[in-house]
Amino acid sequence: MKKRNGQKRLIIILAFAIISIALSVSASIAMATTQIGAGLFTITGKDFSSMSSKLMILIAVFLAYTSASIFPIKKGMKILGDYTMYLSLILLCFVFLVGPTHYFISVIVNTIGRIITQTIPFSFELYLFRDRSWFTWYPMSYWVWWITWTPFIGVFLAKISKGRTIKEFVLASIFVPAGFMIVWFSVFSGYALLDTLEGTKTLAEIANSGAYEGVIYNLLDLLPLSGITKVATVILFSGFIVTTVTSTAISLGIMTSSDGKSESKTKAIMWSVFMALIGFDVVVTGKIEGIKSVGSFAGFPFVFLMLLQIAGFIKQIKKDKK
């Protein structure tokens, strides 16, 4: 009886995980479609906001990540991930060197200092007696939004990290990506802040108008060789969403396989189609907030499950220490 109850709980948890993953990533597909369309508009001058244009972009993305999910991880996903990473490093180095380098270094140092000294205080700050509209719209909703990604990220990282030590795993999956994001956001967001305070203020005006997806392309217009860097950025965004959805399809295929451990190409394709259909619905209706809300709601239990996983991990490490 206890075993059956345990299996039922596991099935319920797995169902919540699958729902939250599929919905949240599907919404990301729709957002990426808009982002890519905005980039193509700045490059070609043609409007890609029409429904037919968005659907063409969505179909192209679907074909790319479905094809990648069919290949073995070391061929499809690895090649995509490597080239996307190389391109992001090249773009980052270009903006860092061509832009106000000294300012970027100052922002990076300041950001690292604030992370070290203020992460814990900020984690407990709820702005009780201030306007909480921004706080509830962005930090709280996105905390849960990011947590909904933990099940498939965990499965995928476990799949590609077999044979690694815990030290290697933590370094490669936590510290290196976190360090890269610190530098990336310090450079691009720092440059946008500099333009707002001392420059043209164009980027702030675009963001305030609600056209967030076009900000990075207009930022690149402020630097030399923008024609090349904007094309690279469109390719980069396409690579990011394709690698994300490919890893999601592979993870969902594993989670819904007969033993919960083996890759299933058939089920990976099935999940690819399912996420594309939800993304299609979001693109057609424009109701991305509803999908995000359902995905976040389904992923909310993982806020507590994550704490249990931490406790279970520590217990298992102590057990395996010998």
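Data block above holds the structure.
The text that follows walks through the structure, step by step, so that each part is easy to find. (Residues numbered from 1 in each chain as written. Predicted model: local features only at pLDDT ≥ 70, side-chain atom pairs only at ≥ 80, totals over all residues. Heavy atoms only, no water.)

### Thoughts on the overall build of the protein chain
- Of the regular secondary structure elements, the protein chain holds 13 helices and 0 strands.
- The secondary structure elements of the protein chain, listed N-terminal to C-terminal, are α-α-α-α-α-α-α-α-α-α-α-α-α.
- The burial tally for the protein chain puts 36% of its 322 residues in the buried class.
- Contacts in the protein chain between residues far apart in sequence, at least 24 positions, make up 75% of those at least 6 positions apart. (Helix = DSSP H or I, 4+ residues; strand = E, 2+ residues; numbered from the N terminus. Buried < 20%, exposed > 50% of the residue type's maximum accessible area, 1.4 Å probe, protein only. Contact = heavy atoms within 4.5 Å.)

### Regarding the pattern of salt bridges
- Considering all chains together, one arrives at 1 salt bridge under this definition.
- With its nearest N and O atoms 3.0 Å apart, the salt bridge here joins Asp 221 to Lys 230.
- Exposure remark for Asp 221: the relative accessible area of 38% places this residue in the partly exposed category. (Salt bridge = Lys/Arg side-chain N within 4 Å of Asp/Glu carboxyl O.)

### Topic: the packing of helix α4 (residues 101-123) against helix α7 (residues 166-198)
- Between α4 and α7, whose axes approach to 9 Å, the crossing angle comes to 120°. Between α4 and α7, the crossing angle belongs to the class labelled oblique. The hand of the α4/α7 crossing is right-handed. Contact with α4, carried on its side by Tyr 103, Phe 104, Val 107, Ile 108, Thr 111, Ile 112 and Ile 115, involves Ile 182, Val 183, Ser 186, Val 187, Gly 190, Tyr 191, Leu 193 and Leu 194 of α7 and no other residues of that element. (Axes fitted to C-alpha atoms, helices over the stretch in contact; angles between N-to-C directions. Parallel < 35°, antiparallel > 145°, perpendicular 65-115°, else oblique. Left-handed = near helix turned anticlockwise from the far one by under 90°.)

### Thoughts on the nonpolar core
- Counting 51 residues, the largest nonpolar core has Tyr 65, Val 95, Phe 188 and Met 275 as its most contacted members.
- Sort the elements by how many residues they give to this core and helix α1 (residues 2-44) lands first, with 10 residues.
- Those residues in contact with Val 95, other than ones at most four positions away along the chain, are Phe 104, Val 187, Phe 188, Leu 220 and Leu 223. (Core = buried A, V, L, I, M, F, W, Y, C linked by side-chain atoms within 4.5 Å.)

### Digging into the layout of surface pockets
- Estimates place the volume of the second largest pocket at around 190 Å³.
- Lining the second largest pocket are 14 residues, with Gly 37, Ala 38, Phe 41, Ser 49 and Glu 213 positioned closest to its centre.
- With 6 residues, α1 is the single largest residue contributor to the lining of the second largest pocket.
- Among the residues forming the lining of the second largest pocket, the class breakdown is 4 nonpolar, 7 polar and 3 charged. (1 Å grid on protein atoms, 1.4 Å probe; cavity = no way out; pocket = protein on both sides within 12 Å on 5 of 7 lines; lining within 4 Å. Points joined across faces, edges and corners; volume = space filled by probe spheres on them. Nonpolar A, V, L, I, M, F, W, Y, C, P; charged D, E, K, R; others polar.)

### A closer look at the packing of helix α2 (residues 51-70) against helix α11 (residues 265-285)
- Between α2 and α11, whose axes approach to 10 Å, the crossing angle comes to 165°. With respect to each other, α2 and α11 are oriented roughly antiparallel. In the packing of α2 onto α11, the handedness of the crossing is right-handed. Where α2 approaches α11, its residues Met 51, Lys 54, Leu 55, Leu 58, Phe 62, Tyr 65, Thr 66, Ser 69 and Ile 70 are matched on the opposing element by Lys 265, Ala 268, Ile 269, Ser 272, Val 273, Met 275, Ala 276, Gly 279, Phe 280, Val 283 and Val 284.
- Partitioned by chemical class, the residues of the contact of α2 with α11 number 14 nonpolar, 4 polar and 2 charged.

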